[in-house]
Amino acid sequence: MTTLTADTIEAEPVLRYILGDSRDKYAESDKALMRHAYEFAREAHKNQKRASGDPYISHCVEVARILAERIIDANSVAAALLHDVIEDCHVDHETLAEEFNPTVADLVEGVTKISSLHFGSQKEQQAENLRKMILAMTKDIRVIIIKLADRLHNMRTLQHLATEKQVKIARDTMMVYAPLANRLGMTRVKSELEDASMSYLHPEEYRDIAQRIAMKKAERDTIVQKSIERLGRELQQQGIKAEITGRSKHLYSVYMKMTRQDIPFQEIHDLIGLRVLCDTVPACYEILGTVHKIWRPIHGRFKDYIALPKENMYQSLHTTVVGPRGERIEIQVRTYEMHKFAEEGIAAHWKYKEGIRGKDNLEEKLVWLRRLTEWLNDVRDPGEFMDALQKDVFSDTVFCFTPAGDVIELPAGSTPLDFAYTIHSKLGETCTGAKVNHRMIPLRTTLHNGDFVEIITSKSGHPSADWLDIVKTSRARTKIKHWLKTKNFQENVERGRELLAKGLRARGLQLDWAVAEATITPHLKAFKLTTFDELLGEVGFGGLLAQQVLQRAYPEAPPADKPQPKKGARVIRKQRKSQGVIVEGLPNTVLRYAGCCAPVPGDKIVGFVTVGRGVAIHQQDCPSLNNIIQEIDAAARLVKAEWDVQHSPMRRVTIRVECQDRQGLLADITGAINSMNVFIVESSTKSKADTATLKFIVEIKSIEQLNNLFNNLRKIKGVVNLSRISRAEIA
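Residues numbered from 1 in each chain as written. Predicted model: local features only at pLDDT ≥ 70, side-chain atom pairs only at ≥ 80, totals over all residues. Heavy atoms only, no water.

*Asks:* If you had to explain the overall build of the chain to someone new, which residues and values would you point to?
*Replies:* Across its full length, the chain carries 29 helices and 22 strands. Here the chain, with 731 residues, has 51% of them falling under the buried criterion. Within the chain, contacts between residues at least 6 apart in sequence are counted, and of these 67% link residues at least 24 apart. With an accessible surface of roughly 36,700 Å², the chain has 48% of that area assigned to carbon and sulfur atoms. (Helix = DSSP H or I, 4+ residues; strand = E, 2+ residues; numbered from the N terminus. Buried < 20%, exposed > 50% of the residue type's maximum accessible area, 1.4 Å probe, protein only. Contact = heavy atoms within 4.5 Å. Areas by Shrake-Rupley, 256 points an atom, 1.4 Å probe, with all protein chains shown as cover.)

*Asks:* Could you give an account of the packing of aromatic side chains, naming the residues involved and the relevant values?
*Replies:* Counted under the stated rule, the structure contains 5 aromatic pairs. Both rings, one in Tyr252 and one in Tyr255, keep their centres 6.1 Å apart while their planes meet at 35°; by these two values the pair is tilted. A residue pair is termed a helical-turn pair when its members lie 3 or 4 positions apart in one helix, as Tyr252 and Tyr255 do in helix 14 (residues 251-261) at 3 residues. Just as Tyr252 is buried, Tyr255 falls in that class too. Ring geometry for Tyr305 and Tyr314: centres 5.8 Å apart, planes at 75°, overall edge-to-face. By relative accessible area, which is 12% here, Tyr314 ends up buried. Residue placement shows Arg65 over the ring face of Tyr17; its charged tip is 4.4 Å from the ring centre. The aromatic ring of Phe341 is capped on one face by Lys340, whose charged end is 5.5 Å from the ring centroid. (Phe/Tyr/Trp six-rings, centres within 6.5 Å; stacked < 30°, edge-to-face > 60°. Lys NZ or Arg CZ within 6 Å of the ring centre and 35° of its normal.)

*Asks:* Tell me about the pattern of salt bridges, and name the residues and values.
*Replies:* Under the counting rule described, the total for this entry stands at 16 salt bridges. Here Lys190 makes a salt bridge to Glu194, at a shortest N to O gap of 3.7 Å. Of the two residues, Lys190 and Glu194 are both situated in helix 11 (residues 187-201); the distance of 4 residues between them amounts to about one turn of the helix. For Lys190, a relative accessible area of 17% gives the class buried. Overall, Glu194 belongs to the buried group, its relative accessible area being 10%. (Salt bridge = Lys/Arg side-chain N within 4 Å of Asp/Glu carboxyl O.)

*Asks:* So what's going on with the state of the cysteines? Which residues, and what values?
*Replies:* For the coordinates displayed, the defined rule picks out 0 disulfides. No disulfide involves Cys60; its sulfur sits 8.0 Å from that of Cys89, the nearest cysteine. Residue class for Cys60 comes out buried when judged on its relative accessible area of 0%. (Disulfide = S-S within 2.5 Å.)

*Asks:* Describe in detail the packing of helix 1 (residues 11-19) against helix 2 (residues 28-44), supporting the description with residues and values.
*Replies:* The geometry of helix 1 relative to helix 2 is characterised by a closest axis approach of 10 Å and an angle of 115° between their N-to-C directions. One element, helix 1, and the other, helix 2, form an angle in the roughly perpendicular class. Crossing angle aside, the handedness with which helix 1 passes helix 2 is right-handed. Within the contact between the two elements, helix 1 uses Ala11, Glu12, Val14, Leu15 and Leu19 and helix 2 uses Lys31, Met34, Arg35, Tyr38, Glu39 and Arg42. Looking at the contact of helix 1 with helix 2 residue by residue, the classes come out as 6 nonpolar, no polar and 5 charged. (Axes fitted to C-alpha atoms, helices over the stretch in contact; angles between N-to-C directions. Parallel < 35°, antiparallel > 145°, perpendicular 65-115°, else oblique. Left-handed = near helix turned anticlockwise from the far one by under 90°. Nonpolar A, V, L, I, M, F, W, Y, C, P; charged D, E, K, R; others polar.)

*Asks:* Could you give me a rundown of the sheet that holds strand 13 (residues 453-457), with the residues and numbers involved?
*Replies:* Spatial ordering of the open sheet is given by 12-11-13, a layout of 3 strands whose pairing is antiparallel. Each edge of the open sheet carries a strand with a single partner, namely strand 12 (439-441) and strand 13. Here the average twist between neighbouring strands, direction ignored, is 35°. Against the sheet, helix 20 (residues 416-423) touches strand 11 (431-436), strand 12 and strand 13, its axis set at about 80° to strand 13. (Pairing = 2+ DSSP bridges.)

*Asks:* Residue-level account of the sheet that holds strand 18 (residues 638-643), with values.
*Replies:* Overall, mixed pairing links the 5 strands, which are arranged 14-18-16-17-15 in an open sheet. What marks the edges here is a single partner per strand, and that holds for strand 14 (581-583) and strand 15 (591-593). Shown here is a sheet whose adjacent strand axes are inclined to one another by a mean of 35°, direction ignored.

*Asks:* Describe unusual backbone geometry, with residues and values.
*Replies:* Phi is mostly negative for residues that are not glycine, and the peptide bonds are mostly trans. A positive phi angle, close to 55°, is found at Asn437, a residue other than glycine. Residue placement: Asn437 occurs in the loop between strand 11 and strand 12. Its identity is not glycine, yet Ala598 carries a phi of approximately 45°, on the positive side. Position of Ala598 among the secondary structure elements: in the loop between strand 15 and strand 16 (605-609).

*Asks:* Describe the packing of helix 11 against helix 14, with residues and values.
*Replies:* Look at helix 11 against helix 14: their axes get within 8 Å of each other, and the N-to-C directions meet at 65°. With respect to helix 14, the axis of helix 11 lies roughly perpendicular. Side by side, helix 11 and helix 14 meet where Glu194, Asp195 and Met198 of the first sit next to Leu251, Tyr252 and Tyr255 of the second. Residues that form the contact of helix 11 with helix 14 fall into these classes: 4 nonpolar, no polar and 2 charged.

Pasting the structure below:
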């Protein structure tokens with residue numbers, strides 16, 4: 001289509017190009033709709049060019065062709081041709097509905113709304129934009145399919161944009177669109193999006209892997225051809241009809257395997273693959289038996305996705321065998337129907353047979369999307385929402401069985417509590433124990449593929465705050481939080497009122513609840529709340545910090561005129577016990593010290609807002625905190641914190657002393673510690689050959705005292721190394 005111009009190409013040849021071999025599968029009325037859509041879009045975009053210099057309409061044509069290759073319905077193809085007319089040509093929804101039909105207009109409007117979303121902004125806005133996209137999908141899944149086709153063609157032509165835009169678009173594609181394509185079962189689209197994104201995000205690694213794969217291509221082709229011939233002969237002798245083809249890993253999957261397993265390219269042994277297609281499910285298992293008869297299967301590398309389909313509709317048998325030269329060969333066996341769904345996923349549900357459209361029980365295949373929207377509007381925290389998407393939507397899954405034999409799909413790492421809440425919230429709330437494979441197990445046990453799970457319940461059972469540390473799924477976490485908030489709602493409201501009152505007093509504001517409620521209420525929507533009492537409950541529960549509320553409602557609060565005591569009057573001040581840290585200017589915030597880094601007065605610190613447990617105080621460079629923020633995108637929950645210099649707390653710190661072992665060593669070290677008036681809470685020693693490792697938990701009042709202690713210990717004969725470690729590492 002390189003010769004396409006907005007003025008010269010007529011609709012008929014363009015339509016033939018779009019539909020290709022699928023032309024006969026569309027009714028004449030459908031072709032008329034698509035023809036009209038092309039003519040309308042061509043006129044609307046007639047003066048517009050792409051960055052490549054091509055007429056803009058060429059992009060619309062290519063997006064429509066990508067959809068038509070998947071034999072998707074005529075309304076979707078028409079919407080693909082028109083997908084930019086609202087955004088770029090100022091055509092409104094009403095005009096499209098009158099010119100075509102309401103469905104086409106709705107699809108175009110849905111794609112336009114998604115196209116306006118940006119995912120590289122602040123975490124709060126990023127989460128809100130993803131929320132809008134998910135909700136658009138629930139209204140009509142075809143919206144995201146059209147958007148994926150649009151993104152796919154944009155990635156194919158990304159070389160015409162500036163480097164900065166290339167990287168931004170590639171990052172959004174890798175973070176949002178490729179995982180969505182995978183969740184919708186659109187494997188071909190997902191693989192191409194990942195490879196294209198990698199070429200811009202990791203260009204050196206991309207070129208290196210591509211060159212290495214190309215160098216070995218002739219050798220792999222020989223092995224593949226001989227393997228196809230060998231398996232083909234065996235199947236022919238057994239009278240089994242099948243189509244056998246070679247299959248190659250896409251570049252990004254090779255890169256991710258190297259990264260995850262920390263291995264060089266030379267140690268990737270499964271670049272060779274075969275795919276076997278047949279007519280029936282029984283034939284699939286017969287072929288699998290033949291494969292294992294010819295080549296030795298590798299233990300633990302067989303998966304039956306026919307008996308246990310993935311939630312994105314994927315079905316196939318997977319096995320890895322040792323090939324004729326000792327190399328690993330990955331083999332997939334599936335029916336032709338399964339292959340269609342494996343390649344196109346949800347898009348394969350819009351099909352044409354003798355001019356009649358059918359959706360092939362589409363609703364049953366989108367159960368994960370319905371489940372996602374059940375809690376979507378309840379999740380207020382942006383970090384929690386992003387965490388949920390990564391863990392519930394984009395993560396690997398495990399398949400477990402109920403006692404009745406029903407299959408439940410869960411994110412990898414899920415526990416029996418997640419299993420219970422996935423079935424029904426009431427089952428989760430009354431859960432008191434669980435059996436896995438007929439054995440009692442702790443509720444924090446990780447479930448695995450094929451586990452039979454039985455939930456034990458009691459009328460007196462109920463959730464506890466500890467469950468929040470056990471569950472993996474967003475649904476379970478949201479339901480547990482809701483129960484805890486509801487059950488203790490009045491207590492949370494009163495506690496929230498106390499915390500807000502402290503915050504108001506600290507800012508020098510008058511404590512007038514009528515005024516406070518009137519000032520804060522206009523900001524409820526920003527916190528996704530509807531009433532002032534709900535806000536108080538959130539503050540009391542720990543879902544919101546009082547400081548966050550007050551900073552939004554009183555951004556520049558002037559100090560109130562405080563009444564001065566009368567001359568000679570006795571001033572009584574209520575003494576409050578300091579916890580040693582001031583958070584966001586407030587000395588009385590509910591807080592705890594993180595055990596992962598055990599901060600000491602003098603360390604640079606930061607606060608992290610936890611749910612239901614106040615503010616956790618970490619060192620600013622705490623690796624565990626950084627991992628948490630990266631995993632769940634929770635940077636918005638960080639708050640400023642500083643030591644209360646007037647009330648410095650004693651802190652327990654774990655230190656490791658590595659030494660050359662000798663007689664009297666322990667006595668010398670403990671004597672040096674005691675000589676500095678440092679209290680030893682606990683100690684342990686390990687000795688091996690000529691080396692000794694001693695660990696002490698000591699009480700320290702400041703980082704200066706700790707440094708002085710280290711300086712004294714270094715003077716002791718035999719001390720080789722000193723380090724400060726997490727209490728979790730204590731032997």
